[in-house]
Structure formats: structure tokens, C-alpha cells
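Residues per chain are reported as follows:
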Amino acid sequence: MMKNYLKSAWRILVKHKILSLIKVLGLSIGISASLVIYLIVSYELSFDKFEKDKDRIYRVVWTIADAGEKYDFTGITYAMPPAIEKEITGLDAVAPFSIFNSNPKISIPAANNREPVVFKNQSGFVYADENYFKLITYHWLAGSENTSLQQPYKTVLTESAASLYFPNLQPEQIIGRNFYMNDSIAVKVTGVVKDITANTDFTFKVFVSKLTLETARLRPQYFNNWGSANGASQLYVKLAEGASPDKIQKAITALYNRNALKQPGDNYVVNYLLQPLHDIHFNARYNTYSIPQASTTVLLGLLAVALFLLLLGCINFINLSTAQSAQRAKEIGIRKTIGGSKKQLVFQFLTEAFLLTCIATILSIILTPFILKAFSGFVPEAVKFNILQQPGILMFLSMLIIIVTLLSGFYPAVILSSYKPIAVLKNQTGTAASGTSKVSLRKALTISQFVIAQFLIMATILVSKQISYTLNKDLGFRKDAIVYIITSYNDVAKSHKTTLLNMLRAIPEIMMVSLSSNPPNSGNTSLESMKYKDGKKEIETDVEEKFGDTNYIKLYGIKLLAGRNLSQSDTSKEILINETYMHVLGFQNPQSIIGKYIDWNGKLVPVVGVVGDFNQKSLHEPIKPLLITSDIRNEMLISLLLQPQNENGTTWKTALAKTENAFKQIYPNDDFYSGFFDQDIAKSYTQEQNLSNLLTWATALAIFISCLGLLGLVMYTITQRTKEIGVRKVLGASVSQIIALISKDFLRLVLIAFIIATPLAWIGINQWLQNFAYRTTVTSWIFGAAGLFMMAVAFITLSFQTIKAAIANPVKSLRTE
């Protein structure tokens with residue numbers, strides 16, 4: 001029986017080649033989108049699922065509410081972890097670690113006084129202690145989990161790092177080997193662990209004992225400092241079984257308040273929170289430059305796009321199937337006359353839907369690798385498609401085939417199988433089987449298609465408008481024609497930086513040179529607790545720090561509102577502050593705060609100037625209190641303001657070539673890296689640009705599928721009204737009148753869809769814009785343009801059939817059976 005069903009289904013599909021092709025195309029688009037999005041979402045949701053105690057692992061984060069503003073941080077003070085371990089119960093592990101601020105150069109000593117083997121720009125380095133391995137489970141190939149990182153200048157390597165630095169040696173043979181970081185710090189290998197093969201944000205490859213950092217890098221005052229934090233310093237804890245996260249985070253907050261020495265009158269409120277491990281990969285609220293994050297909003301958007309396109313494909317299938325109803329009416333009547341039951345007919349039509357869905361699925365499987373390649377900038381690199389090695393894909397596709405078959409085939413099957421044999425054999429299908437409710441359902445499906453399409457058009461326009469706003473908004477500083485270079489953070493590099501700066505200043509294609517910690521807009525931020533006494537109370541504020549020479553605000557075009565620029569110094573003897581910090585301290589006039597003193601870790605430093613506010617980070621975040629000081633002893637980022645391009649457009653290329661030549665003269669063994677500041681800013685909106693590209697493609701596909709559905713419906717209507725059109729032409733109706741007669745009903749559906757889509761789009765767009773502290777305006781032209789565009793596309797689609805019907809010979813129309 002099934003064989004006969006499949007044979008009949010195949011014959012029907014071959015007989016109606018064009019409509020079958022359109023159905024397959026619509027379904028394959030929806031299934032392809034669903035499959036690609038399934039791969040992306042399943043990949044993102046798989047992060048850090050391998051740890052057996054994952055439900056008990058948390059990251060310690062904190063928020064501060066001050067002067068009506070709320071700030072979120074992941075960086076932990078150095079005094080916090082040992083105090084938590086000592087004073088708070090209910091914890092199985094307290095694991096602090098500090099991610100390297102830059103990628104070090106690694107030198108492996110060679111035997112017989114040969115040149116060392118050098119590996120430049122190495123990533124995945126972290127300072128940690130033995131508690132880290134109590135938090136995250138590793139398989140140890142050599143060394144001990146409990147002792148490998150207990151002493152300074154010790155390190156544990158992952159298997160991949162060990163094989164890179166010490167090839168052809170077994171893990172046991174690597175133990176005791178030495179290597180140098182940045183030619184200045186020697187460390188000894190005390191352990192080797194297997195790499196984590198599961199998807200994880202813990203991608204560290206080299207674990208250097210935390211005592212190395214504290215011995216070689218940190219000044220003693222850091223160890224008991226409760227007011228200074230850096231985003232590179234993270235703290236994770238593993239709760240004991242049955243311990244309450246709420247109680248633990250309250251205890252940590254209380255611990256901070258006991259040690260932070262808040263002064264009477266301080267109004268800021270600090271709260272420490274425990275962020276679950278499963279939340280870290282998705283929650284941008286506590287974003288840190290060390291962890292590549294997925295966006296829950298984007299994933300939900302992807303799922304919505306997949307659902308929309310799949311529904312559009314199914315609706316398209318239904319409309320085209322019902323458009324064929326008149327052509328298949330007699331077939332159905334004959335089948336019923338010779339004994340076919342309604343159940344058998346339903347099964348026959350579902351078999352046709354199943355066969356079409358299978359063909360569409362096969363086409364989707366063929367297309368998916370090409371789609372992944374085409375969207376390589378949006379799809380994570382680790383996402384792979386191998387249907388034989390990923391059983392989840394087969395299960396997903398099997399479920400999808402069943403769901404799509406039922407969604408797209410059930411309604412046409414029920415409608416077509418309900419035809420009465422006598423009526424259809426008398427060519428009365430229009431009255432016998434197509435009641436008002438059925439017509440209304442087809443119209444409702446068409447409206448829903450255009451609601452989705454117009455919603456996506458509006459969203460695409462708005463997202464593009466917001467991206468244009470972010471890239472062109474005045475951020476409060478100059479960003480064009482600025483290049484930066486970074487030198488190594490070793491003692492040799494520091495001793496030669498003055499020579500390099502002088503060489504760069506002598507290059508005629510360079511207008512100005514500045515040495516600083518980071519550019520005005522940067523994800524890498526240092527935070528310090530500052531105090532100010534106004535005579536009545538003490539105001540303590542967490543303030544972001546930037547270190548720059550006297551050219552810093554000149555080169556970046558930062559506006560000086562009052563006072564003077566910094567004097568050149570190798571110590572923090574004076575500061576500039578921004579408008580936001582000035583307002584937090586209670587001043588409205590920039591001139592009035594000049595000469596006031598700020599307590600910076602017990603040292604009073606004067607405010608010598610106030611600069612205009614500028615965006616320190618992306619437009620997702622508000623402007624925060626900031627200071628700039630001239631202590632640049634340890635800073636190695638060099639910014640270059642280039643001269644305007646000449647007529648040949650070679651000025652910048654020449655400047656970069658000369659800069660690299662100067663760099664290599666001073667640091668012949670270091671890699672030269674340069675970057676354009678404006679390009680880095682644009683990169684911070686990569687996620688939004690990817691979303692815009694995704695919406696553009698989704699919108700194009702939605703319009704295409706919707707127009708296919710509209711085409712099916714107009715074909716159905718014209719078939720039903722063929723004689724009516726012929727009569728109207730005989731009575732004198734013009735071609736334009738016939739076109740208007742048929743088109744107006746469909747354009748009315750598009751208009752209804754516009755009325756429904758507009759408020760939905762307005763709500764969704766405004767919700768998305770809440771992710772930005774600074775955002776574009778939502779104007780009415782966005783909605784009007786989307787509506788007019790959709791009307792135009794729909795009219796063009798209708799014209800293919802309406803014009804054909806309007807110019808047809810009325811004699812042939814009147815002879816239609």
C-alpha cells in the first residue's frame with residue numbers, strides 16, 4: 001500500500017513540475033535555515049557542560065551603585081580571595097586567577113649554547129594556583145594537582161603547549177624543564193595536563209603559579225588593597241553541596257564592607273554576586289575581554305528567524321496546494337467514486353507532503369556546507385557539519401521532517417479529501433468545498449506571511465540605522481588617521497622606548513606621537529577607588545584610569561574644558577578628570593574643581609584640568625567617572641597621528657613602512673603589529689553587523705517565500721474567476737480595470753499585514769535598542785518605507801499573473817470548464 005502511495009505521490013509531483021519545484025524551494029529554504037541555526041545554537045549551548053560539579057561553580061562579580069549610576073564588574077581585588085578562603089564557610093574551592101594582559105614571547109633554552117627556540121605572541125597564559133584544578137577537572141599526565149603551582153616560578157602546561165614547546169618528549173620528560181617569558185622571567189615545568197576537548201571558555205594552555213605574579217610583578221601594597229581591581233583578575237568558587245548561593249554572596253558583600261573602610265557620608269553601595277557557570281558564556285552584563293561570549297538575544301533572534309522561515313515555507317506549501325485544488329478536483333471525485341475513503345485520501349496527500357519534505361531536506365543537507373561557508377564571519381569557527389558523526393543532526397532532521405509534513409500537509413489533505421464526488425464531477429468545487437471560512441484561512445495565512453516579512457524589513461532598517469549611528473556618532477575624541485603599535489612588556493623593551501619614540505617623531509608622515517596605557521575607547525580598563533572630601537563628607541567613587549603623556553589628549557582630540565594639560569612626569573602627581581566624575585563629586589562648573597585634591601590610595605593629587613566626556617567603551621555602556629594621569633613608566637602602547645593622505649594615497653602606507661623599520665631597528669626579535677583605531681572601534685560592533693547581515697538575508701528569503709505564497713493564492717483566485725474575467729472583458733472592462741479588480745484584494749491583505757506588523761516591530765525594535773546606552777531614534781519613515789516597499793514587491797508579484805489573465809482572449813476564458 002505504501003509503495004502505491006509513493007508512486008502516486010511521485011507521479012503527481014512530476015506532473016506539476018513548476019508548482020512542485022516552488023514548494024520544494026520554499027521548504028528547503030526554511031529547513032536549511034533551521035539546520036544551520038540548530039548547529040549554531042547547539043554549539044553555543046554546549047559550553048562548559050563537561051564539568052561534573054558545574055551546578056556548584058560560580059564566578060564572583062560585583063556591582064556598585066553610586067550617584068544614581070550602576071556599574072558591573074568582574075575584576076576582583078587581590079585582598080579578596082584569601083579573605084574569602086579564610087573567613088567564609090560553605091566553599092569547596094576558592095580559585096583566583098589573573099589572565100595575562102598581553103601575549104608573551106617564550107624562549108626555550110637549547111643545548112650546547114645554541115640559540116634558544118623562540119615562540120612569539122603566545123596566547124592562553126594565566127596566573128593561577130592549585131585551587132584552579134579543584135574547580136575545573138583536568139586529566140594529569142605528569143605532576144601533581146596539589147603541589148605543581150604552590151611555589152613561585154612554576155608552571156603547568158596543557159598537552160598541546162607541551163608538545164609545541166618541547167616536541168618529541170614524553171610528559172614525564174618535560175617535568176623540570178625551564179623556559180623564559182619575555183626574556184625576563186624563568187619558570188620551571190612542574191605538571192602536564194590533557195587539553196579540554198569539550199566546548200569551554202576555559203581555554204588556557206599555560207598555567208603559571210600565581211605566586212610568580214605576586215613575586216615578580218606586583219607592588220606589596222596590592223596584596224591588602226580592597227579598593228583597586230582589574231578585569232584580568234577573576235575569582236571562581238565551588239560551593240559545598242547544599243550551600244546557599246544567596247547566603248554566600250551576602251557573606252562576601254559583608255566581608256567587603258568590613259574591610260573597605262567606607263567613610264561616614266559615603267553613599268555608594270557595593271554588592272557581590274555569584275554568577276552561575278552556565279550564565280558566563282551568555283551574560284554580556286559582566287562581559288570581560290578574556291571570555292568570548294555568545295549573545296542570548298542573538299540566539300533567540302536566530303531561533304525566531306528559523307521558526308519564521310520554516311513557517312513561511314509551510315504556509316507557502318499550503319497556499320500552493322490549495323491553488324492546485326481545482327486542477328485535482330476531478331481526480332479526487334473519481335477516487336472517491338471508485339471506493340477511496342477520506343482516510344486513504346488524507347494519507348495520500350500527506351505522503352505527497354512527506355515526499356516533498358524529504359526532497360527539500362536532502363536539498364538542505366547539500367546546501368548547508370555552502371551556507372556555513374558563506375556565513376563564516378557569523379558562524380563560530382568551531383561549528384562543524386558532519387551528518388554521519390553528529391547523531392543529533394539526524395534526530396533533528398527526522399523530527400523536522402515529521403513536523404513540517406504535518407504542518408504543511410495536514411490542512412490541504414483535509415480540504416482536498418473533503419470534496420464531494422458528485423459536486424466535483426459537475427465542476428462545482430468552488431461552492432462545494434471552498435466555503436468562506438476556508439478562503440478566510442488562506443487569506444489569514446497570507447497575511448501572517450507578510451506580517452513576518454514586513455517585521456523583518458522594519459527590523460533590518462532599524463538595525464542598519466543603529467549601526468550607522470554607532471559608527472558615525474561623535475564619541476568625544478578623534479578616531480580617524482590614528483595607528484597604534486604595541487611593544488613587548490619586558491625590561492629591555494621599556495629601556496628602549498624613548499629611543500623608539502624619538503625615531504617615530506622624526507618621520508615626516510607622522511604628525512604626532514603619544515605613549516599611553518590604552519586608547520580612549522578600550523575594553524581593557526583599570527579601576528581604582530578614589531576619595532574626595534568636600535569639607536562636610538567624604539565621597540568615594542570607583543574611577544576608571546588611563547595613563548598618557550602630554551600628547552595624549554592632543555593626539556586624540558579630547559576637549560579640555562577647564563584648567564591645563566598634564567605636565568610630563570613619571571609619577572601620578574596630578575590628574576585630569578572627565579565631566580561625569582566632576583558631576584559625581586558635586587560640581588557643575590568645570591573651573592570650580594580645578595585645584596581640588598583627590599585621595600588616591602592615601603596620596604593627595606590635584607585636579608589640574610577637566611576634559612569633556614567621551615565614550616570609554618562601546619555605546620552599549622554609559623560614560624563612567626574617569627581620570628587621566630601622566631605616569632607612563634610601564635606603558636607600552638604608542639599612538640601615531642598620521643598626516644593627511646597625499647594625492648596618490650600613499651602617505652599612510654609610507655608612514656607604516658617607516659614605523660615598522662624603526663621598530664625593527666630597536667626590537668629586531670619582536671613581531672611588529674599595528675592597528676587602526678577606527679577599525680578597532682568598528683570591530684566592537686561586529687555582533688551588531690553580523691545581526692544586520694543575518695536580518696538582510698532572512699528578510700530577502702522571507703520576502704521571496706511570501707511572494708511565492710502570494711503567487712499561489714493569485715493563481716488559485718484567477719483559476720476560480722476565469723469565466724468572470726472573460727464576462728467582464730466582453731462587457732467592456734479594460735486590462736487596467738481587470739488588474740485592479742484582482743490586485744486590490746491581495747494588496748488589502750498586505751496593508752492589513754502592515755497594520756499588524758508596525759506595532760509589533762515598534763515594540764521589538766525599542767526592546768533591542770535598550771541594549772545601547774546611546775541609541776538612534778525610531779522614526780515613522782522606517783515603518784512607512786517598509787510598508788511601501790512590501791506593497792511594491794507584492795504588486796510586481798501579482799502582475800505576473802494578473803496581466804496574463806487580463807490580456808487573455810475572453811472567448812477562451814468563457815470556454816473554460
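Model, not experiment: these values are computed from the prediction. (Residues numbered from 1 in each chain as written. Predicted model: local features only at pLDDT ≥ 70, side-chain atom pairs only at ≥ 80, totals over all residues. Heavy atoms only, no water.)

Participant: Before we move on, could you go through the overall build of the protein chain and cite the residues and values that matter?
Facilitator: Along its length, the protein chain carries 27 helices and 25 strands. For the protein chain, buried positions account for 52% of its 817 residues. Long-range pairs, those at least 24 residues apart, make up 80% of the contacts in the protein chain between residues at least 6 apart in sequence. When the accessible area of the protein chain is evaluated, it comes to approximately 37,000 Å², of which 58% is carbon and sulfur surface. (Helix = DSSP H or I, 4+ residues; strand = E, 2+ residues; numbered from the N terminus. Buried < 20%, exposed > 50% of the residue type's maximum accessible area, 1.4 Å probe, protein only. Contact = heavy atoms within 4.5 Å. Areas by Shrake-Rupley, 256 points an atom, 1.4 Å probe, with all protein chains shown as cover.)

Participant: I'd like a description of the packing of aromatic side chains, backed by residues and values.
Facilitator: Applying the stated criterion to the full structure yields 33 aromatic pairs. Judged by centre distance (5.0 Å) and plane angle (70 degrees), the rings of F133 and W140 are edge-to-face. Owing to a relative accessible area of 3%, F133 belongs among the buried residues under this scheme. Put simply, the rings of F97, Y132, F133, Y138, W140, F202, F204, F207 and Y236 pair up and form one aromatic cluster. Above the ring of Y774, the side-chain terminus of K473 is found at 5.2 Å from the ring centroid. (Phe/Tyr/Trp six-rings, centres within 6.5 Å; stacked < 30°, edge-to-face > 60°. Lys NZ or Arg CZ within 6 Å of the ring centre and 35° of its normal.)

Participant: I'd like to hear about the sheet that holds strand β25 (residues 674-676), residue by residue, with values.
Facilitator: Strands sit in the order β16-β24-β15-β25 across an open sheet of 4 strands; the sheet is antiparallel. Every other strand in the sheet has two partners, leaving β16 (510-516) and β25 as the edge strands with one partner each. Geometrically, the sheet is characterised by an average inter-axis angle of 25 degrees between neighbouring strands, direction not taken into account. Of the pairings in the sheet, the one linking strand β15 (residues 482-486) to β25 comprises 3 bridges and is antiparallel in character. Each residue of the ladder has a partner; that of V483, found in β25, is F676. Where helix α21 (residues 651-666) meets the sheet, it contacts β15, β16, β24 (637-642) and β25, and its direction lies at approximately 15 degrees from that of β15. (Pairing = 2+ DSSP bridges. Axes fitted to C-alpha atoms, helices over the stretch in contact; angles between N-to-C directions.)

Participant: Got a sec to walk through the side chain of S706? Specific residues and values, please.
Facilitator: Tracing the backbone through its elements, the reader meets S706 in helix α23 (residues 686-720). Polar side-chain contacts of S706 include one of 3.4 Å to the backbone oxygen of Q449. Apart from residues no more than four positions distant in its own chain, S706 is found in contact with L312, Q449, F450 and A453. (Polar contact = N/O pair within 3.5 Å; in protein donor to acceptor, adjacent residues only side chain to side chain.)

Participant: How would you summarise helix α24 (residues 722-730) if you had to cite specific residues and measurements?
Facilitator: When we look at burial in α24, the residues that qualify are T722, I725 and G726. Axial view of α24: buried residues confined to an arc of 100 degrees, hence all on one face. (Arc of directions from axis to C-beta.)

Participant: Before we move on, can you summarise the confidence of the model for the protein chain with the specific residues and values?
Facilitator: Chain-level pLDDT for the protein chain is 83 on average; 89% of the residues reach the 70-or-more range. Across the protein chain, the secondary-structure element scoring lowest on mean pLDDT is helix α15 (residues 429-432), at 48, and the one scoring highest is strand β8 (residues 154-158), at 96. Here residues 430-435 scores under 50 on pLDDT; set against residues more than four positions off or in separate chains, the count is 8 contacts. (pLDDT = per-residue confidence, 0-100.)

Participant: Can you explain the pattern of salt bridges? Please cite residues and give values.
Facilitator: On inspection of all chains with the given rule, the structure shows 13 salt bridges. R56 is paired through a salt bridge with D92; the nearest N and O atoms lie 2.9 Å apart. Taken together, the residues R56 in the loop between α2 (17-45) and β1 (57-66) and D92 in strand β3 (residues 91-99) connect sequence positions 36 residues apart. Take R56: its relative accessible area is 16%, and that puts it in the buried class. (Salt bridge = Lys/Arg side-chain N within 4 Å of Asp/Glu carboxyl O.)

Participant: Requested: an account of the environment of S630, with residues and values cited.
Facilitator: Looking at the secondary structure, you find S630 in the loop between β23 (626-629) and β24. A relative accessible area of 0% places S630 in the buried class. Between the C-alpha atom of S630 and that of F547, which follows or precedes it by 83 residues, the distance is 5.5 Å. Residues contacting S630, with those up to four places away along its chain left out, are G548, L566, S567, Q568, S569 and T571. Polar contacts involving the side chain of S630 include one to the main-chain carbonyl oxygen of S567, which spans 3.4 Å.

Participant: How would you summarise the pairing of strand β11 (residues 206-209) if you had to cite specific residues and measurements?
Facilitator: Of the two faces of β11, both are covered, the one formed by V206 and V208 as well as the one formed by F207 and S209. With 4 bridges joining them, strand β6 (residues 125-128) and β11 adopt parallel strand pairing. Counterpart to V126 in the pairing with β11 is F207. Pairing between β8 and β11: 3 bridges, direction antiparallel.

Participant: Which residues make up the packing of α2 against α23, and what values go with them?
Facilitator: Running from N to C, α2 and α23 point in directions that differ by 150 degrees, and their axes come no closer than 10 Å. Comparing their axes, α23 and α2 come out roughly antiparallel. The chirality of how α2 crosses α23 is left-handed. Side by side, α2 and α23 meet where L19, I22, L25, G26 and I29 of the first sit next to L701, F704, I705, L708 and M715 of the second. (Parallel < 35°, antiparallel > 145°, perpendicular 65-115°, else oblique. Left-handed = near helix turned anticlockwise from the far one by under 90°.)

Participant: Talk me through unusual backbone geometry; I want residue IDs and the actual numbers.
Facilitator: Located in the positive-phi region is Y153, a residue other than glycine, with phi close to 65 degrees. Along the chain, the position of Y153 falls in the loop between β7 (140-142) and β8. What makes Y153 partly exposed here is its relative accessible area of 32%. One non-glycine residue, D183, adopts positive backbone phi at about 60 degrees. Within the fold, D183 resides in the loop between β9 (178-181) and β10 (185-193).

Participant: Go over helix α8 (residues 245-259), please, and point to the residues and values.
Facilitator: With 15 residues, α8 ought to run about 21 Å at 1.5 Å a step, and its terminal C-alpha atoms sit 21 Å apart, in line with that. Taken together, the buried positions of α8 are occupied by I248, Q249, I252, T253, L255 and Y256. Taken around the axis of α8, the buried residues stretch over an arc of 155 degrees, which confines them to a single face. In α8, the exposed positions angled more than 90 degrees off the buried face are occupied by K247, K250 and R258. (Expected span 1.5 Å × (residues − 1).)

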